[in-house]
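Observations on chain architecture
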Amino acid sequence: MKIIDEDYVNSISKIIVEQAKYQKVMLLYDENVTLNEIDEIYNAIKENCIFNKQLMSECLDEIYNGYRVVIYISRTDSFLRLNIDRTEFINIYIPLDNAILPFYLDGNGKVMTQSDYLLIHKNSVDLPSLSSIYFNKFLKYMSDIIYAHAAEPLRDTETDILCSSALQLANNLESGFQIYDIPMLKECNIEYRMLPLIDYLLITGIMLLIRSARTHSTMLVDVYKSARDDERLINKFYAMNENNFFLELVNLNYNSLNFACESYREKLKNLLFTDKVDISKLESVTSKIKNYLKNTDGILGYLYLYDIFGV
């Protein structure tokens, strides 16, 4: 990702001349963008491209009709609702709320390697992105231990915790690195700003799971109440419960997992209270997350299987 920290209208004009002169350019925008802002972009690039524009909520197959560059100017919640293959284009992102991480990800939450452009102030504060990176770094650390029987040295984890720049951490993510919580926002129709709360809930649930494994006090969800007549879910829960190695490996690696979990959880807690997230929405968010986890595999799926959040 190329980060551009200057007037976005002039920056777009330069990019179009370099990357898409006399080619088709699409501007996607949401309801938060004024006609004035759209006109500014249009007037800056109209001489050098074939210009078109669409509301994000109305973005259909026209987007695949030979466009070289797509410009996105919107709030992050609107962007996350888009269902397009962005690998088809050169992308220019102008987040109105200073978000960072979502623009690094493909539709499945994996970090992309495209040479796109993010027009944002380098000193922008994006607590949801920072929260997401912390949480997913921990989740990868735990996954490496449980499923690959190996993990990066814990000192790398400690270095991540000390870093306070979402932009720096996002730029250091490897191609293909999986982000799990941001796709959850779209599926559950939760606002981007609620991400620190979601991450704190999830890592707290993982901490309870780790400690329950240690004390052999895990409790299985009521499978038949939860799955009802869904045979696929019943079979999935049964297969996960038969996999005793998961709890055994958690117990075997308890000290390192518990320490890392506590460290990241404390950092997420600090972000949560800094961002002043509306805690009154806790019950609604928790309910949506529980329903999402029901159909999830891996570590997050075990949070549901062992009824960490209750059914």
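Before reading further, recall that the structure is shown in the block above.
Residues numbered from 1 in each chain as written. Predicted model: local features only at pLDDT ≥ 70, side-chain atom pairs only at ≥ 80, totals over all residues. Heavy atoms only, no water.

Another point: the overall build of the protein. Helices and strands together make up the secondary structure of the protein, namely 14 helices and 6 strands. Compactness check: the protein gives a C-alpha radius of gyration of 21 Å against a globular reference of 19 Å for 311 residues, within 12% of the reference. Structurally, the protein occupies a C-alpha span of about 70 × 45 × 35 Å along its principal axes. Out of the 311 residues in the protein, the part that is buried amounts to 52%. In the protein, 76% of the contacts between residues at least 6 apart in sequence involve partners at least 24 apart. Working note: accessible area of the protein is about 15,300 Å², and carbon and sulfur atoms make up 46% of it. The average position of the 31 basic charges and that of the 43 acidic charges among the side chains of the protein differ by 2 Å. (Helix = DSSP H or I, 4+ residues; strand = E, 2+ residues; numbered from the N terminus. Rg over C-alpha atoms; globule rule 2.2 N^0.38 Å. Buried < 20%, exposed > 50% of the residue type's maximum accessible area, 1.4 Å probe, protein only. Contact = heavy atoms within 4.5 Å. Areas by Shrake-Rupley, 256 points an atom, 1.4 Å probe, with all protein chains shown as cover. Lys, Arg positive; Asp, Glu negative; His and termini not counted. Charge placed at Lys NZ, Arg CZ, Asp CG, Glu CD.)

For the rest of this paragraph, the subject is the pattern of salt bridges. Taken as a whole, this structure holds 5 salt bridges when the rule is applied. R193 is paired through a salt bridge with E191; the nearest N and O atoms lie 3.6 Å apart. Given the relative accessible area of 35%, R193 is considered partly exposed. With a shortest N-O distance of 2.5 Å, R211 and E262 are connected by a salt bridge. Of the two residues, R211 is situated in helix 8 (residues 195–214) and E262 in helix 12 (residues 254–275); the sequence distance between them amounts to 51 residues. The partly exposed category is assigned to E262, whose relative accessible area is 37%. (Salt bridge = Lys/Arg side-chain N within 4 Å of Asp/Glu carboxyl O.)

This part is about unusual backbone geometry. Negative phi characterises most residues that are not glycine, and trans characterises most peptide bonds. Positive phi, close to 65 degrees, is recorded for N98, a residue that is not glycine. The residue H216 is not glycine, and still its phi comes out positive at about 55 degrees. With respect to the helices, strands and loops of the structure, H216 is situated in the loop between helix 8 and helix 9 (223–227). Residue H216 is classed as exposed on the basis of its relative accessible area of 67%.

With that settled, consider helix 10 (residues 231–242). End to end, helix 10 covers 16 Å across 12 residues, agreeing with the expected 16 Å (1.5 Å per residue, within 8%). Of all the positions in helix 10, only L233, I234, K236, F237 and M240 are classed as buried. Down the axis of helix 10, the smallest arc covering the buried residues is 165 degrees, so these residues share one side. For helix 10, exposure combined with an orientation more than 90 degrees from the buried face picks out E231 and Y238. Structurally, the start of helix 10 carries an N-cap: the backbone nitrogen of R232 is 3.1 Å from a side-chain oxygen of D230. (Expected span 1.5 Å × (residues − 1). Arc of directions from axis to C-beta. Polar contact = N/O pair within 3.5 Å; in protein donor to acceptor, adjacent residues only side chain to side chain.)

L28, Y72 and I206 are the most contacted members of the largest nonpolar core, which has 92 residues in total. Apart from the residues lying within four places of it in its own chain, the contact partners of Y72 are L28, M56, F79, L82, I84, R86, F89, N91, I92, Y93 and I94. Core analysis: the second largest hydrophobic core is formed by 23 residues, I15, I38, L55 and V69 among them. (Core = buried A, V, L, I, M, F, W, Y, C linked by side-chain atoms within 4.5 Å.)

Our focus in this paragraph is the packing of helix 8 against helix 13 (residues 282–293). Interhelical geometry of helix 8 versus helix 13 gives an angle of 60 degrees and a closest axis separation of 11 Å. By the angle between their axes, helix 8 is oblique relative to helix 13. Classified by chirality, the crossing of helix 13 by helix 8 is right-handed. Residue-level contacts link L197, I198, L201 and L202 of helix 8 to L282, V285, T286, I289 and L293 of helix 13. Classifying every residue of the contact of helix 8 with helix 13 gives 8 nonpolar, 1 polar and no charged. (Axes fitted to C-alpha atoms, helices over the stretch in contact; angles between N-to-C directions. Parallel < 35°, antiparallel > 145°, perpendicular 65-115°, else oblique. Left-handed = near helix turned anticlockwise from the far one by under 90°. Nonpolar A, V, L, I, M, F, W, Y, C, P; charged D, E, K, R; others polar.)

Residue position: I94 is located in strand 5 (residues 90–95). Between the C-alpha atom of I94 and that of R75, which follows or precedes it by 19 residues, the distance is 8.7 Å. Not counting residues within four places of it along the chain, the set of residues in contact with I94 comprises Y8, I12, I71, Y72, I73, S74 and L119.

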